[in-house]
Amino acid sequence: MTAHGRSAEESTFVRTYTLTRGRTKPRHLLGLETVLDAGPGRPGPGQAEECEDILTLCRERRRSVTELAGRLGRPVTAVKILVSDLLDADALVVSVADAYAASDADADERPTTHLLAALSVGLKRKWPDAVAYPQAG
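Below is a summary of the structure that appears in this document. (Residues numbered from 1 in each chain as written. Predicted model: local features only at pLDDT ≥ 70, side-chain atom pairs only at ≥ 80, totals over all residues. Heavy atoms only, no water.)

This brings us to the pairing of strand E1 (residues 35–38). In terms of strand pairing, E1 meets strand E2 (residues 63–64) through two bridges, oriented antiparallel. For Leu36, the partnering residue across the bridge sits in E2 and is Arg63. Here E1 runs beside strand E3 (residues 92–94); their pairing, made up of three bridges, is antiparallel. Paired with Asp37 across the two strands is Val93, which belongs to E3. (Pairing = 2+ DSSP bridges. Helix = DSSP H or I, 4+ residues; strand = E, 2+ residues; numbered from the N terminus.)

Below you can see the structure in the form of structure tokens.
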């Protein structure tokens, strides 16, 4: 790895560490597929600017933890920690409705099985040593 690549990686780590205030685990049990909606509360003072970004995205429509991480370009664990903070403040709520149980008018917004399979392959390629979750079957 080049010095520049190592420097960029260290910078990302420091930013993530600062973003989560050194925390490595969220207080709430959140899956990658956990769907979130904007809630009635407000984020507390001193929250990371990403918290406002998360709220803006969730006000547009329900979003999964995975989608939020992808849109923010942040590690899933960091996003889970921020989401936990927002859940504590009632600024976000876990949606009990299926995120993609939309009417036929919204059918284009539903992920296809091909898209989900491609996402799975891409994630496995990027992180081959990641802990695998058991397949539903």
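Don't stop here, the text continues.
Together, Leu116, Leu119, Leu123 and Trp127 give the surface a local cluster of nonpolar side chains, amounting to about 400 Å² of exposed area. You can see Leu123 is positioned in helix H5 (residues 113–126). Given the relative accessible area of 38%, Leu123 is considered partly exposed. (Patch = residues over 30% accessible without salt bridge, like charges linked within 9 Å, V, L, I, M, F, W, Y side chains within 5 Å. Areas by Shrake-Rupley, 256 points an atom, 1.4 Å probe, with all protein chains shown as cover. Salt bridge = Lys/Arg side-chain N within 4 Å of Asp/Glu carboxyl O. Buried < 20%, exposed > 50% of the residue type's maximum accessible area, 1.4 Å probe, protein only.)

Our focus in this paragraph is helix H3 (residues 65–72). Residues of H3 that are buried: Val65, Glu67, Leu68, Ala69 and Leu72. The inward-facing, buried residues of H3 contact E1, helix H2 (49–60), E2 and helix H4 (76–88). Backbone geometry just downstream of H3 places Gly73 in the positive-phi region, at approximately 70°. (Contact = heavy atoms within 4.5 Å.)

Turning next to H2. Helical periodicity: at 3.6 residues per turn, an α-helix aligns residues three or four positions apart in one direction. When the terminal C-alpha atoms of H2 are compared, their 17 Å separation across twelve residues agrees well with the 16 Å that a helix rising 1.5 Å per residue should span. Buried residues of H2: Glu50, Cys51, Ile54, Leu55, Leu57 and Cys58, and no others. Taken down its axis, H2 places every buried residue within 165° of arc, on the same side. For H2, the exposed residues set more than 90 degrees away from the buried face come down to Glu49 and Glu60. (Expected span 1.5 Å × (residues − 1). Arc of directions from axis to C-beta.)

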